[in-house]
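# Structural characterization, general
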Amino acid sequence: MALLLFAGFAHAQAIEPMPFKDHAQELRFQHLTHQLRCPMCQNETLADSNAPIARDLRNQIFQMMQQGKSDEEIKQYLVARYSGFVLYDPPLTARTWLLWFGPLLILLAGAGVVLVAIRRRGRAGSTTITETPTDNGDDW
């Protein structure tokens, strides 16, 4: 019973009604908070996280939107404060090229290893001379 009570309390804390001017501003807020990562949770968006810092950042984003800041200005503010890690879709820069192309490099390296292994097996199978077994009469 206590578990159900606490589960309901946690859910009630997640609801944060904000006085948006119109539906378009609410959609913009939702889109923006889905593009940003919670600095504390690291694997959740600001929209999905219930961490205290995520709530604070959602309120900060709301306030900046009320001040007339653009999405790009809000992102720049958060990147300046929390680094590029806060972006779920980081831009392609010299610092993030491994993040973008690392999986492709690993895939190509794996394909190369498989190709070399197949070629070695092919060469080993074609150069091996099959010897006929000799029967010397000793059957142990």
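Residues numbered from 1 in each chain as written. Predicted model: local features only at pLDDT ≥ 70, side-chain atom pairs only at ≥ 80, totals over all residues. Heavy atoms only, no water.

Now for the overall build of the protein. Tallying secondary structure elements over the protein gives five helices and zero strands in all. For the protein, the succession of helices and strands along the chain, N to C, is α-α-α-α-α. Sequence separation of at least 24 residues holds for 49% of the intrachain contacts in the protein that already meet a minimum separation of 6. If you sum the accessible surface of the protein, you get close to 10,900 Å²; carbon and sulfur atoms cover 61% of it. (Helix = DSSP H or I, 4+ residues; strand = E, 2+ residues; numbered from the N terminus. Contact = heavy atoms within 4.5 Å. Areas by Shrake-Rupley, 256 points an atom, 1.4 Å probe, with all protein chains shown as cover.)

Per the counting criterion, the structure on display carries two aromatic pairs. Between F20 and F62 the ring centres are 5.3 Å apart and the planes differ by 85°, which places this aromatic pair in the edge-to-face class. Of this pair, F20 sits in the loop between α1 (2-14) and α2 (23-35) while F62 is found in helix α3 (residues 52-66), placing the two residues 42 residues apart along the sequence. Taking the relative accessible area as the measure of exposure, F62 reaches 7% and is therefore buried. By the ring-pair criterion, three or more aromatic residues cluster together here, those being F20, F29 and F62. A cation over a ring is seen here: R37 above F85, with NZ or CZ 4.7 Å from the ring centre. Note that R37 overlies the ring of Y88, its terminal NZ or CZ placed 4.3 Å from the centroid. (Phe/Tyr/Trp six-rings, centres within 6.5 Å; stacked < 30°, edge-to-face > 60°. Buried < 20%, exposed > 50% of the residue type's maximum accessible area, 1.4 Å probe, protein only. Lys NZ or Arg CZ within 6 Å of the ring centre and 35° of its normal.)

Tracing the backbone shows I61 in helix α3. I61 has contacts with F29, L32, T33, L36, L46, I74 and L78, leaving out every residue within four places of it along the chain.

It is worth spelling out the nonpolar core at this point. Residues F29, L36, L46, I61, I74 and L78 are the most contacted members of the largest nonpolar core, which totals 17 residues. For this core, the secondary-structure elements that each account for two or more residues are α2, α3 and α4 (71-82). In terms of residue count, the dominant contributor to this core is α3 (six residues). (Core = buried A, V, L, I, M, F, W, Y, C linked by side-chain atoms within 4.5 Å.)

This part is about the state of the cysteines. One pass over the full model with this rule turns up zero disulfides. Summary of cysteine pairing: C38 is not part of a disulfide, and the nearest cysteine sulfur, belonging to C41, is at 3.4 Å. Of the residues examined, C38 reaches a relative accessible area of 0% and is grouped as buried. Given the relative accessible area of 25%, C41 is considered partly exposed. (Disulfide = S-S within 2.5 Å.)

With that out of the way, let us pick up the side chain of S49. Within the element layout of this structure, S49 appears in the loop between α2 and α3. Taking the relative accessible area as the measure of exposure, S49 reaches 3% and is therefore buried. A distance of 3.1 Å separates a polar atom in the side chain of S49 from the backbone nitrogen of A51. Excluding anything up to four places from it in sequence, S49 contacts C38, C41, E44, A54 and R58. (Polar contact = N/O pair within 3.5 Å; in protein donor to acceptor, adjacent residues only side chain to side chain.)

Turning our eyes to something else, we now look at the pattern of salt bridges. As enumerated under the stated definition, the model contains one salt bridge in all. A salt bridge links D71 to R28, with the shortest nitrogen-to-oxygen separation between them at 2.6 Å. Of the two residues, D71 is situated in helix α4 and R28 in helix α2; the sequence distance between them amounts to 43 residues. Assessed through its relative accessible area of 25%, R28 is described here as partly exposed. (Salt bridge = Lys/Arg side-chain N within 4 Å of Asp/Glu carboxyl O.)

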